[in-house]
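# Fold and geometry: a report
Chain residues, written in single-letter form:
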Amino acid sequence: MLISKSRAWYEVDRSAIKHNVEAIRALLHGNTKIMAVVKANAYGAGDLEVSKCMQECGVDFFAVSSVDEALSLRKNGIQESLLILGYTPPEHFHYLSEYQIIQTLVSLDYAKKLDAYCEQAGVKIRAHVKVDTGMSRIGIRCVKQDDHIADVLEAYRLPHLQVEGMFSHFAVSDNIDQQEHIDFTNEQIAQFEYVRKKITEAGIKPGIVHLQNSYGIINYPELSYDYVRPGILLLGFTSDCKDRLAQPIDLKPAVSLKANVTLVKTVQPGSCVSYGRNYRPKEQRRIATVCLGYADGYPRFVSNRGSHVLIHGEKAPIVGNICMDQMMVDITDLTCDVQEGDVVTFFGEDHGAYLAMDELSHLAQTINNETLCWIGARVPRIYK
Ligand SMILES: *Cc1c(COP(=O)(O)O)cnc(C)c1O
């Protein structure tokens, strides 16, 4: 059992998430709606709780990455439309009809397999066609040099599937600094439009059409499809705060990572701190031990690379190698008196101060999406 605030915890601010939904809506026009991407346990924040927030905001469409994520939401009362963005193995096809889950058609062969299953089982399965316009991940490939529009039409016409929509995915919508990347995204948009036109010309209704992820929403605001698919924006972040955006968005970071101080000690010159003996102070230092480590999702890679925490709203450096369950922080230069049981903040707000997750992501040479996903399963989520 996870006991709240026993050693480390992860605060998730529901009102901030709701604020972010409204901030995204403020960028949409026409009748465009939000399909909330709550895959990977809603980027670690808790898929059920985040989905409930979405329901309260009137969001009526959800997306996840796998059938087990979909089942977990269904079994916990999420009855809205639910799309699996990725692959479902044939042995789990039966769940799709049993739980009214919409499956992405990752290729024409896959669509045929799903259609054959439906025929044999006497069921209809709902599906969206994925069109690969340049990401080269999944979908029926419709790029200029390699166009399989006939396969898209064939997928739509499979008799035992209920094909309700089509979508594609951007590869570089986050980059508006390099013209070649802007051109690439515009090419993806043009290909997507071309596919939609061909479907319509063939007398088929494309159904629900959606293309934009978080950066697609911000950087390509002229688009107006039936749905947009934000993930990271729901939690109040872009992938990297250094990315230039085509327009501002009023986000509120919704998560913060915290743990307790377990011990405060004085370390004498010549001593060493933690595994590897990489930190050896030349003067006497005050060191606090904190019960959070890499098993909680704080990357060991940032050890001895200048990462910080907040204690009583003041910044303190992490020193020595980060351990699995613990780390050490140098509190010598803090003006406040640090004691066992004090709260340490790794990112988020503390006593009016704020430590951005981006700092950690930059030190770890990654993006906020990954930092969010690291937060360990053993860290209890506390919903405010
Ligand atoms: C993950 C994902 C999203 C959401 O991406 P963000 O960049 O977090 O908004 C949208 N669409 C697809 C297909 C995805 O895989």
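What counts and what doesn't
Residues numbered from 1 in each chain as written. Predicted model: local features only at pLDDT ≥ 70, side-chain atom pairs only at ≥ 80, totals over all residues. Heavy atoms only, no water. UniProt positions renumbered as here; feature names shortened; annotations may be inferred. Helix = DSSP H or I, 4+ residues; strand = E, 2+ residues; numbered from the N terminus. Buried < 20%, exposed > 50% of the residue type's maximum accessible area, 1.4 Å probe, protein only. Contact = heavy atoms within 4.5 Å. Areas by Shrake-Rupley, 256 points an atom, 1.4 Å probe, with all protein chains shown as cover. Near = heavy atom within 4 Å. Polar contact = N/O pair within 3.5 Å; in protein donor to acceptor, adjacent residues only side chain to side chain. Nonpolar A, V, L, I, M, F, W, Y, C, P; charged D, E, K, R; others polar. Pairing = 2+ DSSP bridges. Salt bridge = Lys/Arg side-chain N within 4 Å of Asp/Glu carboxyl O. Core = buried A, V, L, I, M, F, W, Y, C linked by side-chain atoms within 4.5 Å. Domains from an automatic or database assignment. Buried area = accessible area lost by both parts, 1.4 Å probe.

Where an unreviewed UniProt entry is consulted, the chain appears under the name Alanine racemase, with the organism given as Copranaerobaculum intestinale. Recorded in UniProt under Cofactor (unreviewed entry), the annotation for the chain is "pyridoxal 5'-phosphate". Recorded in UniProt under Catalytic activity (unreviewed entry), the annotation for the chain is "L-alanine = D-alanine".

A few words now on the overall build of the chain. Scanning the chain from terminus to terminus reveals eleven helices and 19 strands. Each of the three principal axes of the chain carries a C-alpha extent, and together these read 80 × 45 × 35 Å. Put simply, the chain has 384 residues, and 54% of those count as buried. The contacts in the chain between residues at least 6 apart in sequence include a share of 67% that link residues at least 24 apart. When the accessible surface of the chain is split by element, carbon and sulfur atoms take 49% of a total near 16,500 Å².

A few words now on the site of the ligand. Val-37, Lys-39, Tyr-43, Leu-85, Arg-137, His-169, Asn-213, Ser-214, Arg-229, Pro-230, Gly-231 and Ile-232 make up every residue found near the ligand. For the ligand, an oxygen atom lies 2.5 Å from a polar atom in the side chain of Ser-214. Considering the ligand on its own, with 390 Å² of exposed area, one finds that the protein chains cover 91% of that surface. When its residues are assigned to classes, the shell around the ligand shows five nonpolar, four polar and three charged.

Let us now look at the pairing of strand β16 (residues 327-330). Of the two faces of β16, both are covered, the one formed by Met-327 and Val-329 as well as the one formed by Met-328 and Asp-330. Sheet topology places strand β13 (residues 285-290) next to β16; four bridges connect them, and they run antiparallel. Following the sheet pairing, Thr-289 is matched in β16 by Met-328.

Moving on, we come to the UniProt feature "binding site: substrate" (unreviewed entry) in the chain. The positions UniProt marks with the feature "binding site: substrate" (unreviewed entry) are Arg-137 and Met-324. These annotated residues cover 188 residues of sequence, and their C-alpha atoms reach 34.1 Å apart at the extreme, placing them across more than a single site. Along the chain, Arg-137 falls in the loop between β6 (125-132) and β7 (140-143). In this view, Met-324 contacts Gly-293, Tyr-294, Ala-295, Asp-296 and Arg-378; residues no more than four positions away in its chain are not counted.

Next up on the list: the pattern of salt bridges. As enumerated under the stated definition, the model contains 20 salt bridges in all. One salt bridge connects Glu-201 with Lys-197, and the closest N-O pair in it is separated by 3.7 Å. In this pair, Glu-201 and Lys-197 both sit in helix α8 (residues 179-201), four residues apart, roughly one turn of the helix. Where salt bridges share partners, they join Arg-7, Asp-296, Asp-325 and Arg-378 into one cluster.

Turning next to the nonpolar core. Grouped together as the largest cluster of nonpolar side chains are 117 residues, with contacts concentrated most on Val-129 and Phe-346. Here this core gets six residues from one element, more than from any other, and that element is helix α6 (residues 108-121). Two domains each put at least three residues into this core: domain 1 (31-235) and domain 2 (255-383). Once you skip the residues sitting within four places of it in the chain, Val-129 turns out to touch Leu-105, Ile-140, Val-152, Ala-155, Tyr-156, Val-163, Gly-165, Met-166 and Phe-167. Core analysis: the second largest hydrophobic core is formed by six residues, Val-267, Val-273, Ile-287 and Met-328 among them.

The next thing to look at is the pairing of strand β15 (residues 314-319). The pairing of strand β14 (residues 308-311) with β15 spans four bridges and is antiparallel. Residue pairing across strands places Leu-310 opposite Lys-315, the latter belonging to β15. The turn linking β14 back onto β15 is made up of two residues, and His-312 within it adopts a positive phi angle of 50°. Sheet topology note: the β15/β16 ladder contains two bridges and is antiparallel.

Further remarks concern the domain arrangement of the chain. Taken as a whole, the chain is organised into domain 1 (31-235) and domain 2 (255-383). Look at where the C-alpha atoms of domain 1 and domain 2 centre, and you get two points 39 Å apart. With eight residues of domain 1 in contact, the opposing surface of domain 2 contributes seven residues. Across the domain 1 to domain 2 interface the summed buried area is about 680 Å²; carbon plus sulfur atoms make up 65%. On inspection of domain 1 and its partner domain 2, the count reaches zero salt bridges. Along the contact surface separating domain 1 from domain 2 lie two residue pairs in polar contact (both at pLDDT 80 or more). Tallied by class, residues from the side of domain 1 that touches domain 2 come to five nonpolar, two polar and one charged.

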